[in-house]
Amino acid sequence: MVTRYEMLERLAAHIGDALVLTNLKGTAHEWHHLHPKDSNLLYLGLGMPTPAALGLAMALPHRHVVSLDGDGSILLDMAAIPTVGQVQPKNLIVVIFDNESYESNGALPTATSAGTDLTGVARSCGIANAVTATTADEFEAAVVAAMTTAGPHFITAKVEKGTRKVPITMTYGKYNKYVFVKHIEQSEGLEILRSITATGRGYTPNKTYYSD
Amino acid sequence: MQEATTRAIVEGLREAGIDFVVYMPDSFFFETINVLEADPDFQCVSVPNESVGMCLAAGAWLGGRKPVMLMENTGLFVAMNAITRFHQPFGIPVLMLISYRGDAGDGWWMVTDIGHAFEPVLRDLGVMYERVDEPEKARKAIRLMQTSASVSEELQAVVFRKEGAW
């Protein structure tokens, strides 16, 4: 069986300027090591990467958005999957690294170890482009298809347990958020971080606030 | 709900610059949701639970949209994991419009305990909120709380009291 790291290496070769949201721990560390870009938002908690990526994909429908999620995470809140099926975002790619365990806290088994088929769940929720990859070549082919055809795409990547030993150089969530949003502002020509406006919301230039 | 309340909520959201509506179907906001769904100024999406909804709204904010989440107060408890592990540590502002089940006068026994727990939990989370019980107060509170959400990069809530269903 292939490692998650090997699959992430294949993904990094095709990712382009896609925005990437990742799961906790091993996935975040490995991805940040392979692809340390401002376009990454790392370390989202269980159940959160895929619905957050869906919202981002809806906000920026012309841009690829990738969720790097895990089996334990998506199993925590599978309601994200029918929501993707309901919205049908053409630009969303969901990758579930399925190692059949809650590896980050000791590797006790998840339901996928007993046969839960996440690709089957995705298909039954209306995500037609749902595939399972068990080798790095199958995964790369699925990624290329996802980057070149309309989605939503759902890739269950069956991987062995284990995390590559990589330097952990990540930072705090708020700092990551500012870097990520600044990247979106600059690459999309948007103004998102705006605490003070010239229209008087919050602060009006030249207005006297304190008369005494 | 009275038509004036629906109108006040919709216009309050418009004045606040909200353009992305996430909702978990709820009896208090039923008419409002129908009006918002028909209004081209708002992109709407329904969700099967409030945790997915809050994460989806957060993603929309990261992409430059101004989101609101409409839900019953029971949904705050469903969304607690996302709020404390995502919105708060990352600083993601989402305006929440929350209907107050278990408020004084609510005639359903099942929501009494939610009513007891709701406001203490909001306060313990550090979520600023305004309680409203008439249309114009709601309209104003939506605009003000969205301003606060933008400048603080924190969650803010407008809580819709139950009395008389307006």
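Before reading on, note that the structure itself is shown above.
Residues numbered from 1 in each chain as written. Chains lettered and ligands numbered in written order. Predicted model: local features only at pLDDT ≥ 70, side-chain atom pairs only at ≥ 80, totals over all residues. Heavy atoms only, no water.

Enquirer: What should I look at first to understand the overall build of chain A in this one?
Expert: Of the regular secondary structure elements, chain A holds eight helices and eight strands. Counting only C-alpha atoms and orienting by the principal axes, one finds that chain A spans roughly 70 × 35 × 30 Å. The proportion of buried residues among the 212 residues of chain A is 50%. Contacts in chain A between residues far apart in sequence, at least 24 positions, make up 71% of those at least 6 positions apart. When the accessible surface of chain A is totalled, it reaches about 9,600 Å², and 52% of it is carbon and sulfur. Positive and negative side-chain charges in chain A, numbering 17 and 20 respectively, have mean positions lying 7 Å apart. (Helix = DSSP H or I, 4+ residues; strand = E, 2+ residues; numbered from the N terminus. Buried < 20%, exposed > 50% of the residue type's maximum accessible area, 1.4 Å probe, protein only. Contact = heavy atoms within 4.5 Å. Areas by Shrake-Rupley, 256 points an atom, 1.4 Å probe, with all protein chains shown as cover. Lys, Arg positive; Asp, Glu negative; His and termini not counted. Charge placed at Lys NZ, Arg CZ, Asp CG, Glu CD.)

Enquirer: How do you make sense of the interface of chain A and chain B when you look at a structure like this?
Expert: You'll often see interface size given as the accessible area lost when the parts meet. Taken together, the contact pairs 35 residues of chain A with 33 residues of chain B. Taking both sides of the interface into account, the surface hidden between chain A and chain B amounts to around 2,700 Å²; carbon and sulfur atoms contribute 64%. Residue K177 of chain A pairs with E153 of chain B through a salt bridge whose shortest N-O separation is 2.7 Å. Going through the elements one at a time, α3 (49–59), α5 (80–87) and α8 (173–188) of chain A are the ones with two or more residues in the side of chain A that touches chain B. The class makeup of the residues in the side of chain A that touches chain B is 25 nonpolar, five polar and five charged. (Buried area = accessible area lost by both parts, 1.4 Å probe. Salt bridge = Lys/Arg side-chain N within 4 Å of Asp/Glu carboxyl O. Nonpolar A, V, L, I, M, F, W, Y, C, P; charged D, E, K, R; others polar.)

Enquirer: Even after reading the chapter, I still don't get the sheet that holds strand β1 (residues 19–22) of chain A, so can you show me in this structure?
Expert: Backbone-to-backbone hydrogen bonds pair the strands of a sheet. The strands run either parallel or antiparallel. Residue and element names in this part refer to chain A. The sheet built from six strands is open, its strands ordered β2-β1-β3-β4-β8-β7 with parallel pairing. In this open sheet, the two strands that pair with only one neighbour each are β2 (40–41) and β7 (129–133). In the packing of helix α1 (residues 4–12) onto the sheet, the strands contacted are β3 (65–70), β4 (92–98), β7 and β8 (153–158), and the crossing angle to β4 comes to about 160°. (Pairing = 2+ DSSP bridges. Axes fitted to C-alpha atoms, helices over the stretch in contact; angles between N-to-C directions.)

Enquirer: Which parts of the structure should I look at to understand the state of the cysteines?
Expert: Between two cysteines, a covalent bond joining their sulfur atoms is known as a disulfide. With the rule as written, the count across this model stands at zero disulfides over all chains. Between C125 of chain A, a free cysteine, and C55 of chain B, which holds the nearest cysteine sulfur, the sulfur-to-sulfur gap is 17 Å. A relative accessible area of 0% places C55 of chain B in the buried class. (Disulfide = S-S within 2.5 Å.)

Enquirer: Can you help me understand the packing of helix α3 (residues 50–62) of chain B against helix α5 (residues 80–90) of chain B in this one?
Expert: Each packed pair of helices is defined by two parameters, the angle between the axes and the distance between the axes. Residue and element names in this part refer to chain B. α5 packs onto α3 with a crossing angle of 15° between their chain directions and a minimal axis gap of 9 Å. Classed by the angle they form, the pair α3 and α5 counts as roughly parallel. In the packing of α3 onto α5, the handedness of the crossing is right-handed. Here S51, M54, C55 and A58 of α3 lie close against α5, whose contacting residues are A82, I83, F86 and H87. Taken together, the residues that form the contact of α3 with α5 break down as six nonpolar, two polar and no charged. (Parallel < 35°, antiparallel > 145°, perpendicular 65-115°, else oblique. Left-handed = near helix turned anticlockwise from the far one by under 90°.)

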